[in-house]
Amino acid sequence: MRVNQRIALALAALFVAAVLVLVAVQPAKVVRAQGDAETPPYEVAVEMRESRYIDYATFDALSVSTHAATENLSGDVTVTLTMGVRDWTDASAVYIRMENVAMAATLANVNIADAAGTFFRPKAVDFVKEVGTTSSPAEQEPMIINIWNGYLKFDLSAENLKVIGGSGTELLKSDVAVIQFVFYYNQTNNVNIGDIVVEKEDGTTFTAFSVSEAAIGGGANQYNANDSLGGVLGSTLEANARVAQLQADEVKSHDAGTAADQWQQFYGIIPGDVSMYDGISYYIDNSIGEGALFFNKCLRENEKNGVMEHWFVDGTASYATYYPADGGESYVGNANVVPEGFVGTIVVPFSDLQTRSTAPATIDDGVLDLTSVWTRLEFAIDTQNNDYPARSFIIKDIKLVSGAQQYYNTTQEVSEVGDVRMVNSFNYMDDYDLTGDWNIQWSLSAEAEIALVDSPAEDVVGVGGKAMQITCGQRTSVADANQDACIQWSLNSEQGNATGAKGVTYWIKNTSYSQIGFRFEFDSLVTVATGDGSSTQEAQRWQSLPNCRYMLFDTKTGAERMMMGKSGVYIPAGFEGYVRIDFSQFTNPNWVTVGGDLDLNNPIVTTYLIMNSTYHYGDSFIFDSLGWYYTDVDLTTTFRTPANSFAAAMNSDYDFTKGGN
Amino acid sequence: MKAWKKIFGTAALAALLCIAVGCGPTEEAGQGSAKPIDGTPILFDETTDYYNIAPSVVEEGNVRYIFYAVNATAGQTDTAIAVRRAEKSGDNWSYGDKKVIVQTSESGWDSAHIANPDVIKGTFGYNGETYSWLMAYQGNGTDAENNYSIGLAAAKDPLGEWVKIGNDAVIKYDSAGYGTAFGIGEPSLVSYDKAGKVYLFHTMGDMYTTGVYVAELDCTDLGAIKGASVSNAVTNFGLTDPGAAVPTFSDTNFKLDETSGTLYCVRNYSTAAMAPVLPTAVQVIKMPMADLYAVNAEWEEVETQINDLDLSTDTLDGWERVYSACIVGDGYGRVDGAEALELALTVTSFDRQTYEYRFYQAITGYTVELDG
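Worth saying up front: this structure is predicted, and the values here are computed from it rather than measured. (Residues numbered from 1 in each chain as written. Chains lettered and ligands numbered in written order. Predicted model: local features only at pLDDT ≥ 70, side-chain atom pairs only at ≥ 80, totals over all residues. Heavy atoms only, no water.)

Trainee: Looking at this structure, I do not really get the overall build of chain B. What am I missing?
Mentor: Looking only at helices and strands, chain B has two helices and 20 strands in total. Put simply, chain B has 372 residues, and 57% of those count as buried. In chain B, of all internal contacts separated by at least 6 residues, the share reaching a separation of at least 24 is 57%. Total accessible area computed for chain B in this model is approximately 14,000 Å², and 46% of it derives from carbon and sulfur atoms. (Helix = DSSP H or I, 4+ residues; strand = E, 2+ residues; numbered from the N terminus. Buried < 20%, exposed > 50% of the residue type's maximum accessible area, 1.4 Å probe, protein only. Contact = heavy atoms within 4.5 Å. Areas by Shrake-Rupley, 256 points an atom, 1.4 Å probe, with all protein chains shown as cover.)

Shown next as structure tokens:
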């Protein structure tokens, strides 16, 4: 289902009519953008926070992440930084740049060792935003770092440093050797460690350890790591922990080791009401890695009816505006796939978001409520998709913005032709507009291509203008995989109203040299009691019977024909005309758990055209004028022409106000 | 499931094609031994030099004509179409000698194989002549037993001379559009108006599935037949095949009881899992004729299956392979007011060692009583 058109239209109106419209229609719950936000365009920065199986840092950093394969694994990993500048004479404090990007607080201890081999542990830690400042130091052991981006500050006075090993009693400031960070395996840690700055008593500072100049090793300004299980960086250590070196704003995925690691995510903080924005903007540099990048985005509504409806910029049929950093002309590109080498800003409109719920075949209402969203915007890459091999890139300046190009998102108006309510006449502006509404369900194995074409029909009632051409893609080579290619369309409430209708109809031209067929399926949104007095809405799938009976009306020859399904609704080569499938010819697939008869008082929310690529790879047809028909028709044959023929129904003056006959 | 159904359906049809056109090793000509009888008596004697398959029986008063497929040459597999005339004597029909009336053409659409005749009466004009009998039969022009089409022949007398209509099939199978498969065959004619308009029921098997279709042909002028370009699917709702999600509806024969408005059909049912892989029974079903094109039309079983148990005698266990049957009707494909349906069925014995059956195929009869 698309973004609520009412919200999208309201945003478009705001953008065009500026202050006057804003004053007239601004909802009460709108959150103003930062700064002077009385007039659009609006934007709000998205602070990156939290990551899962992925390394992300806002500064040049060593990323330390642990995720023990065994829960509550005992042991720890120690990251040792050998100072680049060891003479800390007259040092009063040390500031360690640090950022916690884990989903929760992280545990650590920090040890400082001098050249004499004495190890010291600060008793109190202070969390500050800038070098040279003080906040509220407090004693902690072990140290707990909450979701934090700033500096750990340690007072280097003798009173604050506890000896934990070696024979010395005071830190030999003239020769400070290493600083160690100890993380425990009994939880997940993901921490970025940046430069280490020392402050002297006179207030001057110097950088004792520079990440950007560091390397693996034990020498000056170098780092290594090992764990209590005997692993070292670059070997078995990486089974439970990993240290990666990142430049500022770099995202780097972990190697995908298990299915759990396939999707690796990081999150940004957003307001709970994003209704004044209509897109996501970010600067991205995909030149530091290799290959194209598949970069998914997800927005979730707050829980409603027991469901947190997810909205993804999904698949490869969504579009965004690309603004190259070199000042080149902006252009339309893919909203998910960033080409290798691209550097610049990408703006992805919310209209590209598609719903997919937390459980299969379950959606909420298919309407994105931008006024109530989860305050995390999710970004994810698929680390097992070798078609898009990029695993590291730079991203920054992430924002929610208004004025994102909507790519027309033309809502198909419902019209009446004969006894048919046409719910999709394919009056789209271009391919972007079409593919923003009709989506290829990329989660199935076979692919398909869709394109907007001029309708080939001539003087045919209810057909004309534009139509959709569908070409079945190639089957996958994966053994036992689902070989279906699926094109789907989400209907709004008016389009999905089939109350009183007799069946589904569409116009089709088979441009292939052989018969082509597909299963026609749709979801009916059913209200299901949950047993605790409340209810939820679930999608009840219906598919055409394998041996369904359906009628064809050839709009070139005028011939009508009764057909039989062949595990699909099959159309002879060269045929062009209307198809009618009575609702009695639909049944539930065996995986459907929502019971009950088809109730047309429930809205139809999604339609699907599903082809088997094993038989139809490369086959193409043109599809148009999808609708619901409202009268029973009898077949016209050589021997009879009934009054209620297919042709007569298409040319009738049916009164929709009286309901189905 | 779909792939197996396709293979199974194709195999079953291919097996029947083997019956029609002959395949595999031939018997030595001139053997001349009597056909082995496993059950009910066959309608006419025939030696094992000849196979007799796919009957179509027309009754006119005390005379019957049986049209069927038979090899033209003893011991060979050159299938042709023959007719025998029978007169009633008491309760029995006594069939006369065979006469071959239609053979493969020298070239063209029916130059390789022909089979499965069905015949009705009417009034049909062609090249300035008026014919009162019309035959539909299947044929193909390649050695492979697939991609069949249906053509027509006409005669002034059931015993001939039969004139083939045109140089091409009237219901043509497009293998390019539908894949190499059985094609279109197993025709069954029912007169619409007892003149030149006919229903031509037929099987169509393509690369995906098999079903029964009906074309409405205006054959008043056989030189300009109307309606051949459109065939409508006949429903298979109400049919069940053991172990199959979707029934295989094929090899059918239709008759109409115009007084009750009932359309009767006999079809193949329940194919054997062991060699020879042929149907073990036929089934008789019915439907209101008015529902022929209804979306939700459904068949009702009249006789679920006619199998070896029904085709046994006091001393014989019964024919284990039963298929390609017809309902005996009048010249127009009618069984008006019938209280019972008489069937002619293809049956066969087979060699228990080699499962060879071709030249054992014969035709027997069976009567189905109709309720009320």
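Trainee: When you look at unusual backbone geometry in this model, what are you seeing that I'm missing?
Mentor: Among all residues save glycine, negative phi is the norm, and among peptide bonds the norm is trans. A cis amide bond links A:Glu141 with the next residue in sequence, A:Pro142, at an omega value of -5°. Here A:Pro142 is to be found in the loop between strand 10 (138-139) and strand 11 (143-145). Residue B:Glu161 follows B:Gly160 across a cis peptide bond; omega there is 10°. When you line up the elements, B:Glu161 lands in the loop between strand 8 (149-155) and strand 9 (162-164). Phi is positive for B:Asn147, which is not a glycine, with a value near 50°. Its location among the elements puts B:Asn147 in the loop between strand 7 (129-140) and strand 8.

Trainee: Mind showing me how you'd approach the interface of chain B and chain A here?
Mentor: Facing the 37 residues of chain B at the interface are 28 residues of chain A. When chain B packs against chain A, the two sides together hide about 2,700 Å² of surface, and 57% of this comes from carbon and sulfur. It is B:Tyr208, B:Tyr293 and B:Val295 that lose the most area in chain B upon contact with chain A, and together they represent 23% of the buried surface on that side. At the junction of chain B with chain A, the criterion picks out one salt bridge. (Buried area = accessible area lost by both parts, 1.4 Å probe. Salt bridge = Lys/Arg side-chain N within 4 Å of Asp/Glu carboxyl O.)

Trainee: I tried to follow the sheet that holds strand 13 (residues 232-233) of chain B on my own but got confused; where do I start?
Mentor: Residue and element names in this part refer to chain B. A sheet is described by the order of its strands in space; here four strands give the open sequence 10-11-12-13, paired in antiparallel fashion. Two strands lie at the open edges of the sheet, namely strand 10 (183-191) and strand 13, each paired on one side alone. Sheet analysis places strand 12 (residues 210-218) next to strand 13, joined by two bridges and oriented antiparallel. What sits directly across from Tyr 213, in strand 13, is Ala 233. (Pairing = 2+ DSSP bridges.)

Trainee: Looking at this structure, I do not really get the pattern of salt bridges. What am I missing?
Mentor: Side chains carrying opposite charge are able to pair once their charged atoms draw close together. Applying the stated rule across the entire model yields 29 salt bridges over all chains. Of the charged contacts, one joins A:Arg541 and A:Asp523 as a salt bridge, the two residues approaching to 2.6 Å between their closest N and O atoms. You can see A:Arg541 sitting in strand 40 (residues 535-544) and its partner A:Asp523 sitting in strand 39 (residues 516-529), a full 18 residues away along the chain. Classification of A:Arg541 by relative accessible area gives buried; the value is 12%. Linking B:Glu258 and B:Arg334 is a salt bridge whose minimum nitrogen-to-oxygen distance equals 2.9 Å. Here B:Glu258 is found in the loop between strand 14 (253-257) and strand 15 (262-271), whereas its partner B:Arg334 is found in the loop between strand 18 (321-327) and strand 19 (340-348), with 76 residues between them in sequence. By relative accessible area, B:Arg334 is classed as buried at 2%. What you see here is one network of salt bridges that share partners, running through A:Asp484, A:Arg519, A:Glu521, A:Asp523 and A:Arg541.

Trainee: For this particular structure, what's the right way to read the sheet that holds strand 9 of chain B?
Mentor: Whether parallel or antiparallel, the strands of a sheet pair through hydrogen bonds between backbone atoms. Residue and element names in this part refer to chain B. The sheet built from four strands is open, its strands ordered 6-7-8-9 with antiparallel pairing. Looking along the sheet, the strands with just one partner apiece sit at the ends: strand 6 (113-126) and strand 9. Neighbouring strand axes in the sheet, compared pairwise and without regard to direction, differ in orientation by 30° on average. Where strand 7 lies against strand 8, seven bridges are found, and the strand directions are antiparallel. Among the inter-strand pairings, Tyr 137 is bridged to a residue of strand 8, identified as Gly 151. (Axes fitted to C-alpha atoms, helices over the stretch in contact; angles between N-to-C directions.)

Trainee: I keep staring at the confidence of the model for chain A and nothing clicks. Help me out?
Mentor: Low pLDDT marks stretches whose predicted atomic positions should not be read closely. Residue and element names in this part refer to chain A. Put simply, chain A has an average pLDDT of 85, and 86% of its residues get 70 or more. Element-level pLDDT for chain A is lowest in helix 1 (residues 5-25), with a mean of 34, against a maximum mean of 98 in strand 16 (residues 205-209). Within the model, the stretch residues 1-37 combines pLDDT values under 50 with 72 contacts to residues more than four positions away or in other chains. (pLDDT = per-residue confidence, 0-100.)

Trainee: Please explain the packing of aromatic side chains as it appears in this structure.
Mentor: How two aromatic rings sit relative to each other is given by the distance of their centres and the angle of their planes. In this structure the tally under the stated criterion is 50 aromatic pairs over all chains. With centroids separated by 5.5 Å and ring planes inclined at 10°, the aromatic side chains of A:Trp438 and A:Trp489 adopt a geometry described as stacked. Note that A:Trp438 is positioned in strand 34 (residues 438-440) and A:Trp489 in strand 37 (residues 484-490), a separation of 51 residues in sequence. Looking at A:Arg541, its charged tip hangs above the ring of A:Tyr608, at a distance of 3.7 Å from the centre. Above the ring of B:Phe350, the side-chain terminus of B:Arg352 is found at 4.1 Å from the ring centroid. (Phe/Tyr/Trp six-rings, centres within 6.5 Å; stacked < 30°, edge-to-face > 60°. Lys NZ or Arg CZ within 6 Å of the ring centre and 35° of its normal.)

Trainee: Please explain the environment of B:Asp193 as it appears in this structure.
Mentor: Residue and element names in this part refer to chain B. Inspection of the secondary structure assignment puts Asp 193 in the loop between strand 10 and strand 11 (197-205). On the basis of relative accessibility, which here comes to 34%, the residue Asp 193 falls in the partly exposed class. Between the C-alpha atoms of Asp 193 and Thr 123, which are 70 residues apart in sequence, the distance is 9.8 Å. Within the structure, Asp 193 has its side chain in polar contact with the backbone nitrogen of Gly 196 (distance 3.3 Å). (Polar contact = N/O pair within 3.5 Å; in protein donor to acceptor, adjacent residues only side chain to side chain.)

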